[in-house]
Amino acid sequence: MLHNEEVSTPKSVEDEILAEWNVEFRKVEKSLNGDFKEHFPNVDGFVRSEPGGFFMMDEYSHHAEKIYRFQPRSDDVWITTFPKCGTTWTQELVWMIMNNCDKMKAKAPIIIRSPFLEFPYMLRPGIMPAEMTQMMPTLEMVDAMPSPRVIKSHLPFFLLHPKLLDTCKVVYVARNPKDVMVSFFYHHQLMDVHGFEGDIEKFAQYFMDDEIMFSPFFPHILDAWNKRHHPNILFLFYEDMKKDLRGEIEKVAKFLGQSLSEEQLTDLREHLRFENCAKNESMNMEVAKQFGNMNKDGHFIRKGKTGDWKNHFGPELNKRIDEWIDKNLSGTDLKFVTELEFQD
Ligand code: A3P
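Cut-offs and rules
Residues numbered from 1 in each chain as written. Predicted model: local features only at pLDDT ≥ 70, side-chain atom pairs only at ≥ 80, totals over all residues. Heavy atoms only, no water. Phe/Tyr/Trp six-rings, centres within 6.5 Å; stacked < 30°, edge-to-face > 60°. Helix = DSSP H or I, 4+ residues; strand = E, 2+ residues; numbered from the N terminus. Lys NZ or Arg CZ within 6 Å of the ring centre and 35° of its normal. Salt bridge = Lys/Arg side-chain N within 4 Å of Asp/Glu carboxyl O. Buried < 20%, exposed > 50% of the residue type's maximum accessible area, 1.4 Å probe, protein only. Pairing = 2+ DSSP bridges. Axes fitted to C-alpha atoms, helices over the stretch in contact; angles between N-to-C directions. Contact = heavy atoms within 4.5 Å. Near = heavy atom within 4 Å. Polar contact = N/O pair within 3.5 Å; in protein donor to acceptor, adjacent residues only side chain to side chain. Areas by Shrake-Rupley, 256 points an atom, 1.4 Å probe, with all protein chains shown as cover.

Draft legend 1. The arrangement of the packing of aromatic side chains in detail. The tally for this structure, following the rule as stated, stands at 38 aromatic pairs. Between Phe-40 and Tyr-206, the aromatic rings sit 5.1 Å apart at their centres with planes inclined by 80 degrees, giving edge-to-face as the arrangement. Pair noted here: Phe-40 is in the loop between helix H2 (34-39) and strand E2 (46-50) and Tyr-206 is in helix H11 (residues 200-208), with a separation of 166 residues, a long-range link. Relative to Phe-119, the ring of Phe-116 lies with its centre 5.4 Å away and its plane at 45 degrees, an arrangement referred to as tilted. Over the face of the ring belonging to Phe-116 we find Lys-152, whose NZ or CZ atom lies 3.9 Å from the ring centre. Positioned above the aromatic ring of Trp-225 is the side chain of Arg-228, whose terminal nitrogen or guanidinium carbon lies 3.7 Å from the ring centre.

Now the structure itself:
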């Protein structure tokens, strides 16, 4: 006779890993008033994660766990980056390769073809124009997308599904922090929802203090750098794409197991040229201007150069940034290129 014993169902390794969500978010008190509030008037406070020190708008913290649990598929390709490292450029590259360079299909907005996973969960409801919010695919919509999906995220690996790298291919793009700072500064000026009210010097200090959304910069990049030998990750540098785009396209195609004809390769190289991306309406986000969400004077695809920081940093600020970079890279074998002799 069987007793009424409790039978526990065995848990898969995946269940156990997923059960371990133990990230907490604490409000960053100083972000709620004083200088901070003056510099970021449109943000209702930031939070920082424990562990990881991830710095983000408060809204994200309410959705972080469900984003972490979002299930990747084996035939997905994810593009993960710190913001302003050339994400959109790489999304277009990867999407084209995965879709037989179909230029007709590529006319649909990149935010639909290649969803930005956490975007609908970053900003407090109501702050974005409804037309814009409705365009951004939710997790449920991404879940229902047909394969192969090309998914973008700026989250560091520890905030994404713990089996991501063992499940699907990930293209990680890094860029030198000086140009990232400048590009991110302009991005904050461009997007009303971020709206930084200060100069580049102040912005750079927030950046170095890990007080800009998606910070800290170095752990984000170094974590991916340390994973670069995993067969499912391809680690790219923006500067290499500026130097030899054709070579980088070939590298990505090989990594994704796709072959391009000579004609497709030449065509894609042309398609991805800065000037062409800047006027490509499916990529340049100019559509947001009609919703009143974007500063009319700026451009999302802005300058596209390596070394633009030289037009923005004075000698004292540059020295401080160099020291910050040296400190963070000491003991690692990661090196950034901040100038190029030749670039497109
Ligand atoms: P700049 O602000 O320095 O011009 P992300 O997509 O990660 O937000 O990155 C945006 C940066 O990539 C911007 O940098 C943008 O101009 C640059 N970019 C976009 N398309 C590019 C291209 N085809 N060639 C070079 N840079 C490009």
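There is more to say after this.
Draft legend 2. Local environment of the pattern of salt bridges. Applying the stated criterion to the full structure yields 25 salt bridges. A salt bridge links Lys-27 to Asp-58, with the nearest nitrogen and oxygen atoms 3.7 Å apart. Of this pair, Lys-27 sits in strand E1 (residues 24-27) while Asp-58 sits in helix H3 (residues 58-61); the two residues are 31 residues apart in sequence, bridging distant segments of the chain. On the basis of relative accessible area, Asp-58 is assigned to the buried category, the value being 17%. Linking Asp-322 and Lys-178 is a salt bridge whose minimum nitrogen-to-oxygen distance equals 2.8 Å. With a gap of 144 residues between them, Asp-322 in helix H18 (residues 315-329) and Lys-178 in helix H10 (residues 177-190) connect regions that are remote in the sequence. Relative accessible area serves as the criterion here: at 4%, Lys-178 is assigned to the buried category. The network of salt bridges with common partners includes Arg-269, Glu-270, Arg-273 and Asp-344.

Draft legend 3. Highlighting the sheet that holds strand E4 (residues 77-81). An order of E5-E4-E6-E7 is seen for the four strands of this open sheet, with the pairing classed as parallel. Strands at the two margins of the open sheet, each flanked by one partner only, are strand E5 (150-153) and strand E7 (233-237). Geometrically, the sheet is characterised by an average inter-axis angle of 20 degrees between neighbouring strands, direction not taken into account. Against the sheet, helix H5 (residues 87-98) touches E4, E5, strand E6 (169-174) and E7, its axis set at about 170 degrees to E4. Set on the sheet, helix H14 (residues 245-255) makes contact with E6 and E7; between it and E7 the angle comes to about 170 degrees.

Draft legend 4. Focus on H11. Those residues of H11 that fall on the buried side of the exposure criterion are Ile-200, Phe-203, Ala-204, Tyr-206, Phe-207 and Met-208. On its buried face, H11 is in contact with H2, H10, helix H12 (217-226) and H18. Immediately downstream of H11, the backbone of Asp-210 shows phi near 60 degrees, a positive value.

Draft legend 5. Summary view of the site of the ligand. Taken together, the neighbourhood of the ligand is formed by 19 residues, with Thr-87, Thr-88, Ser-183, Lys-303 and Gly-304 sitting nearest. Between the ligand and Arg-302 there is a distance of 2.8 Å, counted from an oxygen atom to a side-chain nitrogen or oxygen. The backbone of Lys-303 places a nitrogen or oxygen atom 2.7 Å from an oxygen atom of the ligand. Considered on its own, the ligand offers 570 Å² of accessible surface; in the complex 98% of this is hidden by protein.

Draft legend 6. Looking closely at the sheet that holds strand E3 (residues 55-57). In space, the three strands of this open sheet follow the order E1-E2-E3, with antiparallel pairing throughout. Two strands in the sheet have a free side with no partner beyond their single neighbour: E1 and E3. Adjacent strand axes in the sheet meet at a mean angle of 40 degrees, parallel and antiparallel pairs treated alike. Examined bridge by bridge, E2 and E3 share three bridges and lie antiparallel to one another. Residue pairing across strands places Val-47 opposite Met-56, the latter belonging to E3.

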